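Below, each chain spelled out in residue letters.
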Amino acid sequence: MYSFRATRLPRFAADKARLTHRYSTKTFSNQSVLPRLPIPDLESTASRYKRSLIPLLSSADYQQAASKVDAFVTSAFGRELQGRLHALDEREAAKGYSWLDQLWLDKAYLSYREPTLINVNWWMQFIDGPQGLVTPTTQNTATPAQINRAAGMIASLIDYSNRINNEEIAPDVTRSGPFCMHQLKGVFSTTRIAASPADKVVSQCPATAKHITVMYKDQIFSVDVIGPHGQVVPVATIAKQLQQLTQHVDSLPAAERQLPVGLLTSDHRDTWSKVREQLEANPSNARVLQDIDASLFAVCLDDYSAPRELDLTHRNYCHGDNAHNRWFDKGFQLIVETNAAAGVNGEHSAVDAVVPLRIFDDVLQKEPAQVAGDASVTLAAPRHLTWTFDNVDAFKSVLQSAEQGAKTRIDNLDCKMLHYTDYGANFMKNSKVSPDGWMQMVFQLAYFRHYGEPCATYESASTRKYLTGRTETVRTCSEETVAFTKMWDDKDVTMTDKLAAFSRAVASHSEYMRAAINGFGVDRHLFGLYLQMTPEEAASEQAAIFQDASFRLSQHWKMSTSNTSPGRLSWGAFGPVVHDGYGINYAIDKEMVRLSVSSCHDASETDSTAFRKTIQGVLDDFGDVSQRYMQQDGEKVVAHT
């Protein structure tokens, strides 16, 4: 019902250093000055909610839905739910949370029982390293280039983790004030734990673990990468650790290798939670799981290289070889192939994707890693983690079922990439249009051209200006966007009128974005109110606002979009959030746009290849119109966000 995708961050000021001087430069020291996430009043939420319904409903359906909204807002029941939400906020404040934090974590993520592979996790492909890629001379064997790149990235990630521990990461600051840095505490030593009826998240900050989890050919190792007294070690020392474990695995007869238990992390959460509970009943297995859960992060050394094709390469960072050699519950998995290509897969519950992506931007900008370390430090040899099974044949059957399920979901993922090089953010800005507003209008027009109707559209906005803030929804589809899409391809409408409609649509989106980042969207508030009801209340006439079909329809995100600009160092994707919809990740660089379009093959309504073509056509059209009409006008044409 609620989308849980990567988040668009508001623009950071170019002169961040100048702004930061008003606040502390220690990572978490501005937390005490951050305001708490507000609870909007019922009237403002109702007004904005009703406006968002207009483009999606017939006149009769809208009148019916609006009357239920109005009745709720003026009712004693509505005021009672609002009061319960304020009471919750007071209780959560004592714990350091907002009214939304634990509700969102539980209902949007941890209570979700479908497999997190594709449905929750996100993935990114990295730019090639400065040494470029290599052509492996042997098959199914780790390569020196692979090990060296992995070791360098591991060293840089450890350095970043240490800087978080020491509060040496400068806090994010905008013109309006500092941003919450709380999510950095959920990046390292973080794991989602399969449990019933809801999963759990375990995380430690400061992250004091000295080991990482490394997977190679489905074998799992606990690998020390920090000295016994916290010493930083050279990249070469880490590379030696990786070389030792890959050589060990390669020398093992197939019959002596451990079963691919990581496959279970791709399975239905209830299935995996039951198996995990059975495994934990054995003390030896419990220690293995604890080792994985506590590790700083996971590294997956694949014994192959994915095809170097735009639509195929990124998929390895989504699912690997039918979910082999992965542990999808770790906060993030660094994945490195034999040709030294690399990427990341992230579990979404603890943090929004932009947070670890900024960490990887730091890592990628510093390649090849230059980390000073103590070469005299001796690390314990990598430890091969082994499992104990009461019935090996029965467990193999469980794994086969998990792999088949993963293969079915992977085969059903229709995900295409578009790297559009005709223009980027500079061109959009020269047209006096905010790049994000430009792209959102591209998606609106593309959908209307493709389907002849509008759809509920989700864009994430960051609420990190508030303590522990995460996201709010921007409902891009509006009366203004529908008017614009209907006029744009109408030959009887003048270009002046088309551009005016375009301007109003972008302004509408900008206004909603401003409201959302300030905590005054509608979706999180409605979400909170909904969860204050008892089952009996939810079934009563008092809850008509939530029972009306419009409530579900307006959250059936046929387009779920996420801006992870600029994307020059990494690009990726996430799965659609509804079966008959699209997931669209986009990144706007100065001179190009990178985006992905995902959908389900078995959904008759969607086709990622065809929709990508429609999006590209709209990008072409916007570029042509801008070149002829908008860039020639020196005055402001379209409002900025």
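Keep in mind the model is a prediction, meaning the values are calculated, not measured. (Residues numbered from 1 in each chain as written. Predicted model: local features only at pLDDT ≥ 70, side-chain atom pairs only at ≥ 80, totals over all residues. Heavy atoms only, no water.)

1. Brief notes about the overall build of the protein
Assigned secondary structure in the protein consists of 22 helices and 18 strands. Relative to a compact globule of 641 residues, whose C-alpha radius of gyration would be 26 Å, the protein shows 25 Å and is just as compact. Projected onto its principal axes, the C-alpha positions of the protein cover 70 × 60 × 55 Å. When the accessible surface of the protein is totalled, it reaches about 24,800 Å², and 50% of it is carbon and sulfur. (Helix = DSSP H or I, 4+ residues; strand = E, 2+ residues; numbered from the N terminus. Rg over C-alpha atoms; globule rule 2.2 N^0.38 Å. Areas by Shrake-Rupley, 256 points an atom, 1.4 Å probe, with all protein chains shown as cover.)

2. Concerning the side chain of Gln 333
By secondary structure assignment, the location of Gln 333 is in strand E9 (residues 332-336). Polar contacts involving the side chain of Gln 333 include one to the main-chain amide nitrogen of Trp 327, which spans 2.6 Å. Among all residues touching Gln 333, those that are not within four sequence positions of it are Ala 298, Cys 300, Arg 326, Trp 327, Phe 328, Gly 343, Val 344 and Asn 345. (Polar contact = N/O pair within 3.5 Å; in protein donor to acceptor, adjacent residues only side chain to side chain. Contact = heavy atoms within 4.5 Å.)

3. Describing the sheet that holds strand E18 (residues 593-600)
Pairing is mixed across the open sheet formed by six strands, whose spatial order is E12-E18-E17-E15-E13-E14. Two strands bound the open sheet, and with one partner strand each, they are strand E12 (413-420) and strand E14 (471-475). Sheet twist, expressed as the average angle between the axes of neighbouring strands with direction ignored, equals 20°. Examined bridge by bridge, E12 and E18 share eight bridges and lie antiparallel to one another. Bridged to Leu 418 within E18 is Leu 595. Across the sheet, helix H13 (residues 392-412) touches E12 and E18, and the angle it forms with E12 is around 40°. (Pairing = 2+ DSSP bridges. Axes fitted to C-alpha atoms, helices over the stretch in contact; angles between N-to-C directions.)

4. Looking at the sheet that holds strand E10 (residues 342-346)
Strand order in the open sheet made by the eight strands is E11-E7-E6-E8-E9-E10-E1-E16, with mixed pairing throughout. Across the chains shown, the open sheet's two edge strands, defined by having one partner strand only, are strand E11 (383-384) and strand E16 (570-573). Bridging between strand E6 (residues 211-216) and strand E7 (residues 219-224) involves six bridges; their strand directions are antiparallel. Residue pairing across strands places Ile 212 opposite Val 223, the latter belonging to E7. Sheet contacts for helix H7 (residues 235-251): E6, E7, strand E8 (298-301) and E11; angle to E7, the most-contacted strand, approximately 155°. Its contacts with the sheet place helix H9 (residues 283-294) against E6, E7 and E11, and it is angled at close to 110° to E6.

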